[in-house]
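Listed below, chain by chain, are the residues.
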Amino acid sequence: MFRRILSFLLIAAMALGTAVPAVAESGITAGEALFGNGTGAALNGSSATATATAEPSATETATEEPSTDDPLVEDEMYGENDEASITDYPTLQLGDRDSADGVAYIVTLQNRLIALGFLLSSADGVYGEDTQTAIEQFQKMNGLEVTGIADAATQTKLFSDLSALTTPSPENPAVYGSETIRVQTKLAEWGFLTGSVDGVIGSASEKAISDFKEYVHEYLPPLATPTPAPTPEPTPAPTAVAGALPLVNDILLPTPEPEPTAYVADSEIDSELLAYIDGDVEFDVYRQTVQVGDEGDEVRRVQTRLHQLGYLYDDPDGAFGVNTARALMYFQYKHGLSQSGTADEATQRALFSSSAQESEEYVFPYKIYVDISDQRVYVLGWDGTGYNEQTRAMVCSTGRDSTPTPTGTYQAYGRRSDEWFYFTEFNCYAKWAYGIVGGILFHSVTYSASKKLNQSSVNNLGRKASHGCIRLSVDDAKWIWDNCPTGTTVVIQE
């Protein structure tokens, strides 16, 4: 719970002699005390002061779902007969996806598959091939018809008590080839593999192998000088007969030079590849220093390794920008190197080694916490060593108890639109929609089909009210839209 984090920070602040507003007597939440007037941060766009004692705390207002008789319930948005619930278990299958501000059926399904060990990828609200395969494996291990479709029977079983389920375990390990593991481990270490070291040669491993071979062919000398082909014996010219017409072979035409064949690397694990992997031929991990503004293969290798170790979220693109520099500086900090943001020789030899440390989390300008228990969104800023800067606190509305906002840690997929976002299912609008996972968004309070503000949406800030999205004031939604790049870490917790 975010309160535990706040409590720790409060204790630390007290130890340093920082003035912190009294919480027990004021009646405000710990989040308000930490982010409010005592630290200079804004709460919902304005300073929090001791006058907050006149209003009930967010914790008190958020503990119960509004009754259907409550005038604050947004009937104009959802309708009086809306009975959507996370326990409805609609049939889900390949190609389905969670709708915006709809119930997070697929995210919830994926989170359960991840918790049980069937799904290795993260929850994204899209029923793709990984999710289908995970459902197939679950069905196979639990005596269900293997269809890859999450029907009601499958979901009922999936969400049943753990004691009634068969799940992956050490007694049922996957058997992987040791040769494949060796290859993947080294290619990940040297900055070629973006995927997992899992013993399975999939598309990511095939690309890593071919990229490595291309790199070796481009920048390193060949392993051995090829034996030249024997020179063919010349064919003697035919003897001309007096008075006869000239023979074709008598007319000497220039022989065209053959065009060199372009090198195309394959993705096979062959003897040449294994010579590098097993150390029979040395692969020098450092070739040149790269820094902000540079482009090319060495930049891509640096980015790939930072991505593999969990520092850099962005996919490697070979262009050294500020995100790469920020992630590299944190790597340098953790490894006792000068935080220059330049990938010099010392940095690269540490980065492309088996002793390189993984990051605890991706490096972004900000990290966002959503605390369902007190209906607040907290933003912490990156200070070079962690998310330690208290930046912003915002009042929000999360999902109702019957349509909850899915908890977990997600890498946001960013802006969904320009200023206005239209919810097709509900025929209404919101401003500054920013995707978190699946159909779950940060967005402003809602507006009618004619773009008239729904006042009940404003009044409900600070209490559960949505189908799962996280509603904010217009200013707060705009701040996230403006300042948080795609991939920003969002932690949603009770």
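The paragraphs below set out a description of the structure included in this document. (Residues numbered from 1 in each chain as written. Predicted model: local features only at pLDDT ≥ 70, side-chain atom pairs only at ≥ 80, totals over all residues. Heavy atoms only, no water.)

Time to look at helix H6 (residues 129-141). Its 13 residues place the ends of H6 18 Å apart at the C-alpha level, agreeing with the 18 Å of an ideal helix rising 1.5 Å per residue. Next to the buried residues of H6 lie helix H5 (105-116) and helix H7 (152-158). Looking one or two places after H6, you find glycine 143, whose phi comes out positive at around 70°. (Helix = DSSP H or I, 4+ residues; strand = E, 2+ residues; numbered from the N terminus. Expected span 1.5 Å × (residues − 1). Contact = heavy atoms within 4.5 Å.)

With that settled, the discussion passes to the packing of aromatic side chains. As enumerated under the stated definition, the model contains 25 aromatic pairs in all. On the basis of an interplanar angle of 25° and a centroid distance of 5.7 Å, the ring pair of tryptophan 190 and phenylalanine 212 is categorised as stacked. With tryptophan 190 in the loop between helix H8 (178-189) and helix H9 (203-219) and phenylalanine 212 in helix H9, the pair connects residues that are 22 residues apart, well separated along the chain. For the residue pair tryptophan 190 and phenylalanine 212, the accessibility class agrees, reading buried in each case. Both rings, one in tyrosine 311 and one in phenylalanine 331, keep their centres 5.5 Å apart while their planes meet at 75°; by these two values the pair is edge-to-face. (Phe/Tyr/Trp six-rings, centres within 6.5 Å; stacked < 30°, edge-to-face > 60°. Buried < 20%, exposed > 50% of the residue type's maximum accessible area, 1.4 Å probe, protein only.)

Following the criterion strictly, the structure yields 15 salt bridges and no others. Between aspartate 278 and arginine 182 there is a salt bridge whose closest N-O contact spans 3.0 Å. A residue pair is termed long-range when its members are at least 10 positions apart, and aspartate 278 in the loop between helix H10 (271-277) and helix H11 (297-308) and arginine 182 in helix H8 qualify at 96 residues. We classify arginine 182 as partly exposed; its relative accessible area is 33%. Across the pair arginine 287 and glutamate 298 runs a salt bridge, and its minimum N-O distance is 2.8 Å. Taken together, the residues arginine 287 in the loop between H10 and H11 and glutamate 298 in helix H11 connect sequence positions 11 residues apart. What makes glutamate 298 buried here is its relative accessible area of 2%. One connected set of salt bridges, linked through shared partners, spans Lys213, Asp266 and Asp270. (Salt bridge = Lys/Arg side-chain N within 4 Å of Asp/Glu carboxyl O.)

Here the focus is the pairing of strand S3 (residues 366-371). Side-chain direction in a regular strand flips from residue to residue, so the side chains alternate between the two faces of the sheet. Buried residues dominate S3, accounting for 5 of its 6 residues. Where S3 meets strand S14 (residues 489-493), 4 bridges bridge the pair, whose relative direction is parallel. Each bridged residue has a counterpart across the sheet, and for tyrosine 369 the counterpart in S14 is valine 491. (Pairing = 2+ DSSP bridges.)

Moving on to the sheet that holds strand S11 (residues 440-444). Taken together, 4 strands build an open sheet; the order of strands is S7-S10-S11-S13 and the sheet is mixed. The open sheet has two edge strands with one neighbour each: strand S7 (414-415) and strand S13 (470-472). Relative to S13, S11 runs parallel, the two sharing 3 bridges. Bridging across to S13, serine 444 finds its partner in leucine 472.

It is the contact of H5 with H6, at a shortest axis distance of 11 Å, that shows an interaxial angle of 55°. The pairing of H5 with H6 is recorded here as oblique in orientation. Note on packing geometry: the crossing formed by H5 with H6 is left-handed. Across the interface between the two elements, Leu109, Gln110, Leu113 and Leu116 from H5 touch Thr131, Ala134, Ile135 and Phe138 from H6. Counted by class, the contact of H5 with H6 contains 6 nonpolar, 2 polar and no charged residues. (Axes fitted to C-alpha atoms, helices over the stretch in contact; angles between N-to-C directions. Parallel < 35°, antiparallel > 145°, perpendicular 65-115°, else oblique. Left-handed = near helix turned anticlockwise from the far one by under 90°. Nonpolar A, V, L, I, M, F, W, Y, C, P; charged D, E, K, R; others polar.)

Turning our eyes to something else, we now look at the sheet that holds strand S12 (residues 446-447). Across the sheet, which stays open at both edges, the 3 strands sit in the order S8-S9-S12 with antiparallel pairing between neighbours. The open sheet has two edge strands with one neighbour each: strand S8 (420-423) and S12. Sheet topology note: the S8/strand S9 (residues 428-431) ladder contains 4 bridges and is antiparallel. Looking at S9, one finds that tryptophan 420 is bridged to lysine 431.

Interpretation in functional terms is not warranted from these geometric data alone.
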